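Architecture at a glance
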Amino acid sequence: MERSAAAAVRRLRAGGGGDRDRARDRDRARRPAAPPREDDGDGDCAPGKARDGSRRRPQALSERRAAAVVLLYLLALRGLVHVAHRHLLSRPQRDGHPHFSAHRARGYLDNITAIGPRTVGSPANEVLAVNYLLEQIRAIETESTDAHKISVDVQRPTGSFSIDFLGGFTSYYANITNVVVKLEPQNGAEHAVLSNCHFDSVPNTPGASDDAVSCSVMLEILYTLSKSSEPLQHAVIFLFNGAEENILQASHGFITQHEWAKSIRAFINLEAAGVGGKELVFQTGPENPWLVQAYVCAAKHPFASVVAQEIFQSGIIPADTDFRIYRDFGNVPGIDLAFIENGYIYHTKYDTSDRILTDSIQRAGDNILAVLKYLATSDKLAKSFEYRHGNVVFFDVLGLFVLAYPARVGTIMNCIIAAIAFLYLGKKVFQPKTRAINNLKKFFTAFGLILLSWISTLVTVVIVAVFISLIGRSLSWYTHFYVSVFLYGTAAAAKLILVHTLAKKFYYKNMNDLNLGDVFFDASLLIWTIALAVITQIGLCSAFICMLWVAFPLLTKLMIHKEFRQKGATIKFLVLYMLGMFVPYLYIMYLSWTVFEMFTPIMGRSGSEIPPDVVLAGFIVAITMILSSYFINFIYLVKSTKLTIITSTAVFVVTLILVCSGIFFPYSSDMANPKPKRVFLQHMSRRFHDLDGNLVKSDSGIWINGFDYNGISHITPHIPEINDTIRTPCEEWAPFCGLPWILPVHFMFRKNWYLPAPEIFPRSPIHFKVLAKELMPWNSVRLSFEVSGPSHMSLYIRPHKGSALSTWSLGDGTPVASIGGDYFVFYSHGLHATPWNFWIELTASKKHSDGIVSLAIAAHYFFGEDQKSPQLCALLERLPNWTFSSGWSCTYDLFVF
């Protein structure tokens with residue numbers, strides 16, 4: 001009975017269950033079908049489909065997890081980059097040979113800077129510094145071994161040349177000073193390698209890093225080599241040049257006039273664009289790949305970049321070095337090195353020897369000594385012409401070693417990698433063929449969205465930068481660099497993510513998330529592949545960066561493809577993805593930080609016309625674009641981006657409010673880490689004469705130039721009389737606006753101020769004399785002049801309408817016009833120079849009642865009793881302590897002929 005009852009219950013339950021199942025089936029049939037989610041047409045391998053064919057939901061990324069992983073990843077890379085930049089020395093290797101001593105070099109450095117500012121023409125530069133160098137060289141000579149012979153020469157050249165730097169001008173020098181030392185085997189040497197530094201400094205600065213430390217390093221290298229018992233195969237010439245700050249004059253005098261210059265086959269130029277840190281190889285060649293290989297083989301603490309070379313040679317950075325002179329006028333290849341850290345105090349009173357770390361001196365000495373010794377014992381130096389052709393791709397890896405290979409090899413590698421990437425992308429798009437058109441549409445839509453997001457991000461952030469500039473808050477990040485990251489970096493990130501979030505929500509609302517992530521990865525890969533192909537075709541060696549950003553992501557994609565397809569965006573996928581991207585992301589962080597370290601301080605001395613916030617915002621957007629390239633796909637893999645957008649926007653808004661409030665003052669007087677505002681003041685007297693020599697106008701005052709975009713806005717509260725009511729008017733009819741520019745930088749400083757002050761009467765006034773006026777063939781007139789005056793003078797020439805400056809006695813005889821069409825000549829002399837005689841020749845189609853040319857001469861007093869008037873000294877004393885002011889007196893006389 002019990003078994004019968006149980007069986008009956010089981011039959012009843014089974015019947016009821018069947019009724020419920022049939023009812024559920026009827027309900028499903030009545031419901032409208034849900035719209036299908038698109039897949040990528042890959043059949044059984046499509047995301048969200050199990051091996052048995054049944055549907056399963058693919059694993060999506062958590063926003064918090066993805067944002068945290070990406071942020072921590074970038075911070076970890078930034079930490080590695082920071083360690084690499086601050087690590088100056090590796091473990092020293094002792095091999096029994098004499099070694100470079102940074103402590104002895106520091107002694108030289110302290111003694112040179114103790115002389116004070118070493119302006120060309122001053123006793124400090126021409127006598128005290130020269131005597132000190134000669135004293136040390138003689139001491140080294142007495143201690144040298146019998147394996148070497150040391151020769152010393154003091155050269156005082158006179159010459160002239162034209163250069164296209166700063167828009168183009170002509171330079172004339174007379175009786176400047178070079179101290180030249182040659183170290184060679186006892187039986188002499190036919191070939192030589194040159195090491196160059198300069199011991200002069202800009203006015204009013206001690207010039208420790210630029211360039212006394214380099215001369216100190218060279219003295220110690222001379223000592224070390226001379227103590228070695230091993231003779232060199234070739235000579236080493238050490239040039240301590242005394243007029244580099246006068247726009248490369250002394251190097252020109254040496255390479256074009258000195259008898260030893262003919263034996264030079266290669267050179268190393270030691271320079272500075274900052275104070276201490278690492279010395280960067282930022283120029284090599286031209287061509288001569290063997291020089292890069294010499295650095296790669298010999299340098300103990302390498303730091304080099306072909307990217308820096310191509311940036312510098314593009315003219316973006318308003319600077320030049322003696323490298324140009326040796327390359328252009330001596331036809332000699334070389335290596336250009338410069339300290340780049342802390343450019344905020346470059347060319348200021350803070351450039352003192354105590355700010356240069358002993359480790360910086362040691363690493364520079366180790367590197368330069370090793371490279372010089374390598375070149376001086378190399379067979380290739382004697383036959384350098386045989387190894388001349390070809391460029392080199394070179395870059396250091398976190399300062400550990402340098403990778404270098406011929407540019408032609410790089411071109412082949414780039415083409416192969418680009419071809420592989422294009423083949424991969426072509427296969428993704430055109431397989432299966434039945435879905436090729438649909439795949440192509442999705443692919444190029446993603447491509448267009450990425451470009452749109454980048455363009456809209458750039459426009460948005462630049463608008464913010466322009467707004468900041470217009471309200472007078474420019475350079476708020478100058479002392480606090482990370483303010484720029486929080487202001488422009490977060491704005492860029494928020495805008496970029498927002499564009500893709502909107503696209504995902506409204507355009508891709510029915511598409512599979514994993515497929516979307518895949519499509520956007522491939523679109524980013526296409527952008528980098530196109531960039532690789534284009535930059536390679538242009539011939540830039542920097543294309544290796546694009547090669548890294550194609551090769552490693554493509555390899556990563558191929559390695560994790562199966563994991564991603566089967567399981568979606570898992571933790572394992574994230575870890576493998578980040579590891580695969582490690583090399584390109586680490587290198588771009590390393591490179592971008594080097595660029596920021598060089599460029600950010602330059603914004604404080606780039607003139608009044610370029611809005612630095614717009615420039616820096618553009619840099620930050622560019623870095624954001626690059627770093628986002630292979631993280632854009634994460635936006636389509638996460639469930640939501642709301643928290644990321646809100647957080648980024650909140651950080652941006654708070655930073656914007658703080659910047660607008662003025663809480664971030666641009667400059668700092670902190671003695672441990674000063675970041676001063678640069679201000680130049682010239683107490684000048686001007687006299688304008690007409691065609692008959694009559695004085696038609698004269699005035700005097702203190703001419704003020706702020707070296708950055710902020711002008712004098714921050715100074716006005718401290719000195720109320722310096723305000724916009726005294727803006728300098730341009731004398732349009734006079735060359736260079738009738739102002740005594742020391743260099744032709746008028747196009748960089750259109751905003752300047754003129755505070756009326758009493759006339760100055762220098763004790764050593766300028767003497768300007770017309771020697772002759774001669775009629776020449778072909779309607780030409782030759783005017784001959786004689787000028788005597790202080791060590792620095794500027795000549796400005798403007799031919800009148802209907803006449804032209806055809807030739808002159810300066811440079812190679814062909815006049816070189818500056819920006820705006822006027823002609824600028826920079827003159828300097830050392831001690832005991834004779835009067836400057838020159839002539840100019842003009843052609844005129846007819847007689848002009850107002851003359852054929854306006855000629856002005858300015859005299860600049862950078863040292864001595866005429867340098868500063870009482871009024872100028874009083875004004876300099878009133879400037880706030882967060883400024884670096886450089887002041888001098890000058891006169892300006894204009895004549896018409």
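This section reports on the structure supplied with the text.

Procedures and definitions
Residues numbered from 1 in each chain as written. Predicted model: local features only at pLDDT ≥ 70, side-chain atom pairs only at ≥ 80, totals over all residues. Heavy atoms only, no water. Patch = residues over 30% accessible without salt bridge, like charges linked within 9 Å, V, L, I, M, F, W, Y side chains within 5 Å. Areas by Shrake-Rupley, 256 points an atom, 1.4 Å probe, with all protein chains shown as cover. Salt bridge = Lys/Arg side-chain N within 4 Å of Asp/Glu carboxyl O. Helix = DSSP H or I, 4+ residues; strand = E, 2+ residues; numbered from the N terminus. Buried < 20%, exposed > 50% of the residue type's maximum accessible area, 1.4 Å probe, protein only. Pairing = 2+ DSSP bridges. Phe/Tyr/Trp six-rings, centres within 6.5 Å; stacked < 30°, edge-to-face > 60°. Lys NZ or Arg CZ within 6 Å of the ring centre and 35° of its normal. 1 Å grid on protein atoms, 1.4 Å probe; cavity = no way out; pocket = protein on both sides within 12 Å on 5 of 7 lines; lining within 4 Å. Points joined across faces, edges and corners; volume = space filled by probe spheres on them. Nonpolar A, V, L, I, M, F, W, Y, C, P; charged D, E, K, R; others polar. Disulfide = S-S within 2.5 Å. Core = buried A, V, L, I, M, F, W, Y, C linked by side-chain atoms within 4.5 Å.

Taken together, the side chains of Phe 422, Ile 530, Val 534, Ile 538 and Leu 540 make up a nonpolar region of the molecular surface, amounting to roughly 430 Å² of accessible area. For the nonpolar patch, the element with the most residues is helix H15 (residues 513-538), which contributes three residues. Examined against the element boundaries, Phe 422 turns out to sit in helix H12 (residues 407-430). Taking relative accessible area as the criterion, Phe 422 reaches 38% and is therefore assigned partly exposed.

On to the pairing of strand E13 (residues 695-706). Regular strands show a simple pattern: their side chains alternate between the two faces of the sheet. Bridge count for strand E12 (residues 677-689) against E13 is 11 bridges, and the pairing is antiparallel. Across the sheet, Leu 681 pairs through a bridge with Ile 704, a residue of E13. Here E12 folds back onto E13, and the loop between the two strands holds five residues, one of which, Gly 693, carries a positive phi near 85 degrees. Two elements, E13 and strand E14 (residues 753-756), share four bridges in a ladder whose sense is antiparallel.

What follows deals with the packing of aromatic side chains. According to the stated counting rule, one finds 60 aromatic pairs in the structure shown. Ring centres 5.6 Å apart and planes at 75 degrees place the aromatic pair Phe 736 and Phe 824 in the edge-to-face group. Of this pair, Phe 736 sits in the loop between E13 and E14 while Phe 824 sits in strand E19 (residues 823-829), placing them 88 residues apart in sequence. These aromatic residues form a ring-pair network of at least three members: Tyr 73, Phe 521, Trp 528, Trp 549, Phe 573, Tyr 577, Tyr 585, Tyr 630, Phe 631 and Phe 634. In this structure, Lys 278 is placed above the aromatic ring of Phe 303, and the distance from its NZ or CZ to the ring centre is 5.3 Å. Above the plane of the ring of Tyr 344 lies Lys 675, whose end atom (NZ or CZ) is 4.4 Å from the centre.

Approximately 1400 Å³ is the volume found for the largest pocket. If you trace the largest pocket, you find 39 residues lining it, with Val 70, Leu 71, Leu 74, Gly 489 and Ala 493 closest to the centre. Looking at the lining of the largest pocket, the elements with two or more residues in it are helix H2 (63-86), helix H14 (481-507), helix H18 (582-602), helix H19 (612-628), helix H20 (632-637) and helix H21 (642-661). At 10 residues, the largest contribution of residues to the lining of the largest pocket is made by H2. For the lining of the largest pocket, the per-class residue count stands at 27 nonpolar, nine polar and three charged.

Moving on, we get to the state of the cysteines. Scanning the entire structure with this criterion turns up two disulfides. One disulfide in the model links Cys 197 with Cys 215; its S-S distance is 2.2 Å. Classification of the bridge connecting Cys 197 and Cys 215 rests on its S-S torsion, roughly 105 degrees, and on that basis the disulfide is right-handed. Within this pair, whereas Cys 197 is found in strand E5 (residues 192-198), its partner Cys 215 is found in helix H5 (residues 208-227), the two being separated by 18 residues in sequence. Judged on exposure class, the residue Cys 197 and its partner Cys 215 are both buried. There is a disulfide in this structure between Cys 730 and Cys 737, and the S-S distance comes to 1.9 Å. Judged by the sign of its S-S torsion, about -80 degrees, the cystine formed by Cys 730 and Cys 737 is left-handed. Judged by relative accessible area, Cys 730 falls into the partly exposed class, the value being 29%. On the basis of relative accessibility, which here comes to 25%, the residue Cys 737 falls in the partly exposed class.

Turning our eyes to something else, we now look at the nonpolar core. Residues Phe 238, Phe 240, Tyr 488, Phe 544, Phe 634 and Ile 704 are the most contacted members of the largest nonpolar core, which totals 200 residues. In this structure, Ala 235, Leu 248, Ile 255 and Phe 707 belong to the second largest nonpolar core, which totals 53 residues.

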